[in-house]
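Below are the chains, spelled out letter by letter.
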Amino acid sequence: MDGMPNNDMPWWRWRAHVRSGLHMLSDPVFQRDRWAAGVPGYGDVTDAVYRLVEDTWLDNWSADRYVGTIFRDEEEAALVDAAVLRVLRIMHRVGPDAPPATYLDHPDWPEAVRAAREAHVRLATNDGESPDLPPRSLDELSAAVTGL
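Residues numbered from 1 in each chain as written. Predicted model: local features only at pLDDT ≥ 70, side-chain atom pairs only at ≥ 80, totals over all residues. Heavy atoms only, no water.

Draft legend 1. Examining the pattern of salt bridges more closely. Taken as a whole, this structure holds 14 salt bridges when the rule is applied. In this structure, Glu111 engages Arg114 in a salt bridge whose closest nitrogen and oxygen atoms are separated by 2.2 Å. On the criterion of helical spacing, the pair formed by Glu111 and Arg114 is a turn pair, its members being three residues apart in helix α6 (residues 109-126). The class of Glu111 is partly exposed, set by a relative accessible area of 33%. You can call Arg114 partly exposed: its relative accessible area is 34%. Several salt bridges share partner residues, and in doing so they unite Asp8, Arg15, Arg19, Arg72, Glu76, Asp127 and Glu129 into one network. (Salt bridge = Lys/Arg side-chain N within 4 Å of Asp/Glu carboxyl O. Helix = DSSP H or I, 4+ residues; strand = E, 2+ residues; numbered from the N terminus. Buried < 20%, exposed > 50% of the residue type's maximum accessible area, 1.4 Å probe, protein only.)

Here is the structure:
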């Protein structure tokens, strides 16, 4: 998310949060090295999911509702919907307070990671940023969206 915030979208702060969640959910190396290792500053799986659905309510309705405000087009929205549904399905099965290994070892986790990666790559690329940079810490995200 180098260069964030990308404030050409009306609700760019929400986009930044969605992108942060997708980025962390899409990177298995990050998940192993940060979440599973318990490195502070990056939250956990529940925090990443919360950034996806906190303001957007994507756990209750489709991302296509936000085309033109958070998402640039229907393809971005469809990819985000697919990722959110896969991750939420696992979260509802294992519970929001499960340790990282419970998610990472879940048989459906690789598919959720793949869907999050597809969405992350599309959003990052559309914002003119490299999708391959490592995820930012929560402090870095906060500074990006508050301008500090």
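Let's pick the thread back up.
Draft legend 2. Just the packing of aromatic side chains, in detail. Summed over the entire model, instances satisfying the criterion amount to seven aromatic pairs. Judged by centre distance (5.5 Å) and plane angle (15°), the ring pair of Trp57 and Trp61 falls under stacked. Taking relative accessible area as the criterion, Trp57 reaches 45% and is therefore assigned partly exposed. The class for Trp61 is partly exposed, based on a relative accessible area of 31%. Among the aromatic residues, ring-to-ring pairing joins Trp11, Trp14 and Tyr66 into one connected group. Looking at Arg65, its charged tip hangs above the ring of Trp61, at a distance of 3.8 Å from the centre. (Phe/Tyr/Trp six-rings, centres within 6.5 Å; stacked < 30°, edge-to-face > 60°. Lys NZ or Arg CZ within 6 Å of the ring centre and 35° of its normal.)

Draft legend 3. Local environment of helix α3 (residues 45-53). If you check which residues of α3 are buried, you get Val45, Ala48, Val49, Arg51, Leu52 and Val53. Packing partners of the buried residues in α3 comprise α1 (12-25), α2 (28-36), α4 (74-94), α5 (100-104), α6 and α7 (138-146). At the N-terminal end of α3, a side-chain oxygen is found 3.1 Å from the backbone nitrogen of Thr46, two or three residues along, and the residue is Asp44. (Contact = heavy atoms within 4.5 Å. Polar contact = N/O pair within 3.5 Å; in protein donor to acceptor, adjacent residues only side chain to side chain.)

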